[in-house]
Amino acid sequence: MTDTKERILESALRLFARDGYEAVSVSMIAGELGMTKGALYKHYKSKRDIFDSIVERMYRTDAERSRQFGVPEESFDAAPESYCGVSWESLAAFTLAQYDFWTQDAFASNFRRMLTLEQYRSEEMARLYRSCLVEGPVEYTESIFAEMAAKGRLCGGEPRQLALEFYAPMLLLISVSDLTGESQRDALRRHVESFVRRCTPTEN
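First, a word on what this report is: a plain description of the structure on this page. (Residues numbered from 1 in each chain as written. Predicted model: local features only at pLDDT ≥ 70, side-chain atom pairs only at ≥ 80, totals over all residues. Heavy atoms only, no water.)

## A look at the overall build of the protein chain
As a reminder of what qualifies: The secondary structure listing takes helices from DSSP runs of H or I that are at least 4 residues long and strands from runs of E that are at least 2 residues long, numbered from the N terminus. For every residue, the accessible area (1.4 Å probe, protein chains only) is compared with the maximum for its type, and the residue is labelled buried under 20%, exposed over 50%, or partly exposed between those bounds. The contact criterion used throughout is that any non-hydrogen atoms of two residues lie within 4.5 Å. All accessible areas in this document rest on Shrake-Rupley with a 1.4 Å probe, and a residue is counted as covered only by the protein chains that are shown. Think of it this way: Lys and Arg go in the positive column, Asp and Glu in the negative one, and His and the chain ends go nowhere. Charge positions are represented by NZ for Lys, CZ for Arg, CG for Asp and CD for Glu.
For the protein chain, the helix and strand inventory stands at ten helices and zero strands. When the helices and strands of the protein chain are listed from N to C terminus, the series reads α-α-α-α-α-α-α-α-α-α. Its C-alpha atoms put the protein chain at 70 × 35 × 30 Å along the principal axes. For the protein chain, with 204 residues in total, the buried portion stands at 44%. Contacts in the protein chain between residues at least 24 apart in sequence constitute 65% of all its contacts with a sequence separation of at least 6. Accessible surface, the protein chain: about 10,700 Å² in total, of which carbon and sulfur atoms supply 50%. Each charge class in the protein chain can be summarised by its mean position, and for the 26 positive and 32 negative side chains these summaries are 5 Å apart.

## Here's the deal with the packing of helix H5 (residues 88-104) against helix H8 (residues 135-150)
Note the cut-off: Here an angle of 0 to 180 degrees is reported between the N-to-C directions of two axes, which are lines fitted to C-alpha atoms, with helices fitted over the stretch in contact. Our angle categories are set so that under 35 degrees counts as roughly parallel, over 145 as roughly antiparallel, 65 to 115 as roughly perpendicular, and the remainder as oblique. The sense of a crossing depends on the near helix, which, turned anticlockwise from the far helix by less than a right angle, makes the crossing left-handed and, turned clockwise, makes it right-handed.
Two numbers describe how H5 lies on H8: the axes approach to 12 Å, and their chain directions differ by 165°. The angle between H5 and H8 falls in the class roughly antiparallel. Here the hand of the crossing between H5 and H8 comes out left-handed. Facing Trp88, Leu91 and Phe94 of H5, the residues of H8 in contact are Tyr140, Ile144, Phe145 and Met148.

## A closer look at the packing of aromatic side chains
Defined as follows: To pair, rings of Phe, Tyr and Trp, with the six-membered ring standing in for Trp, must have centres within 6.5 Å; the planes then decide the type, stacked if under 30 degrees apart, edge-to-face if over 60, and tilted in the middle. Remark: a charge is flagged as sitting over a ring if the NZ atom of Lys or the CZ atom of Arg is within 6 Å of the ring centre and within 35 degrees of the ring normal.
The final tally for this structure, using the stated rule, is twelve aromatic pairs. Between Phe166 and Phe195, the aromatic rings sit 5.0 Å apart at their centres with planes inclined by 65°, giving edge-to-face as the arrangement. One end of the pair, Phe166, is in helix H9 (residues 159-180); the other, Phe195, is in helix H10 (residues 185-199), with 29 residues separating them in the sequence. For the residue pair Phe166 and Phe195, the accessibility class agrees, reading buried in each case. Positioned above the aromatic ring of Phe107 is the side chain of Arg57, whose terminal nitrogen or guanidinium carbon lies 3.7 Å from the ring centre.

## A closer look at the environment of Ser175
As for its placement among the helices and strands, Ser175 is situated in helix H9. Since its relative accessible area comes to 36%, Ser175 is described here as partly exposed.

## With respect to the pattern of salt bridges
Our working definition: For this analysis, a salt bridge means a side-chain nitrogen from Lys or Arg found within 4 Å of a carboxyl oxygen belonging to Asp or Glu.
In total, this model carries 18 salt bridges according to the counting rule given. Its salt-bridge partner being Arg130, residue Glu123 comes within 3.2 Å of it at the nearest N-O pair. A relative accessible area of 30% places Arg130 in the partly exposed class. Salt bridges sharing partners connect three or more residues here, namely Glu6, Glu10 and Arg57.

## Thoughts on the side chain of Ser53
Along the chain, Ser53 turns up in helix H4 (residues 47-69). Not counting residues up to four positions away in its chain, the partners in contact with Ser53 are Leu9 and Tyr44.

## Describing helix H6 (residues 106-118)
What counts, and what does not: Working rule for helices: expected span equals 1.5 Å times residues minus one. For this analysis, a polar contact is any N or O atom pair within 3.5 Å, provided that within protein one partner can donate a hydrogen and the other can accept it, and provided that sequence-adjacent residues contribute only side-chain to side-chain pairs.
When the terminal C-alpha atoms of H6 are compared, their 18 Å separation across 13 residues agrees well with the 18 Å that a helix rising 1.5 Å per residue should span. Among the residues of H6, those classed as buried are Phe107, Ala108, Ser109, Asn110, Phe111, Arg112, Met114, Leu115 and Glu118. Where H6 starts, the residue carrying a side-chain oxygen 3.1 Å from the main-chain nitrogen of Phe107 turns out to be Asp105.

## Quick look at the environment of Val26
Locating Val26 in the fold gives a position in helix H2 (residues 26-33). Between the alpha carbons of Val26 and Arg48 there is a distance of 9.8 Å; along the sequence they are 22 residues apart. Setting aside its immediate chain neighbours within four residues, Val26 contacts Lys37, Leu40, Tyr41 and Lys47.

## Some words on the nonpolar core
Condition: Here the nonpolar core consists of buried residues drawn from Ala, Val, Leu, Ile, Met, Phe, Trp, Tyr and Cys, with membership extended through side-chain atoms lying within 4.5 Å.
Among the nonpolar cores identified, the biggest contains 59 residues, and Phe16, Ile29, Ile50, Trp88, Trp102, Phe111 and Phe145 are the most heavily contacted of them. Examining the composition of this core, we find that eight residues originate from one element, H5, more than from any other. Sequence-distant contacts of Trp102, defined by excluding residues within four places in its chain, comprise Met58, Ala108, Ser109, Phe111, Arg112, Cys132, Leu133 and Ile174.

This is the structure:
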């Protein structure tokens, strides 16, 4: 049953990314999978239920990846103590892994494309887009930088401005990758390495 539920999520998300959430019906999802609507309803009670499960899976995966790379899983307000010991190495590795995730993982890539498409038609989708890909990552990085600055491990500017400078190339290079079909990982790696060198205080 778990495999079937996953197949439904993956197929639905592919359709949402291609046609938009509102344009896709449960019948279309079932047809894509070669099953009846009745069979699909045994696993999910509605299209909204499928969508909520997609979002839940994305958040669950994000938390797992954060644990894997030793960076905070929750917002600063929810767990401020987890922001105290983040290393430059962990942040750099996580940033590159996030680029790979958003561009190479089929589920994450389709989720991103769905939000990009739907942000202009739905305020809910726009909020999700901002939370996952724009303000959310910037605020997350700002909180990490604020803790680094407080401990003398960050220099070169205010945490907010540095967070914008650090994260903006990620979003730009994801877009370039979409347009060209070519990985921009090396460009992102060079940016991250340059940023870390510039913003790590030198020892006297």
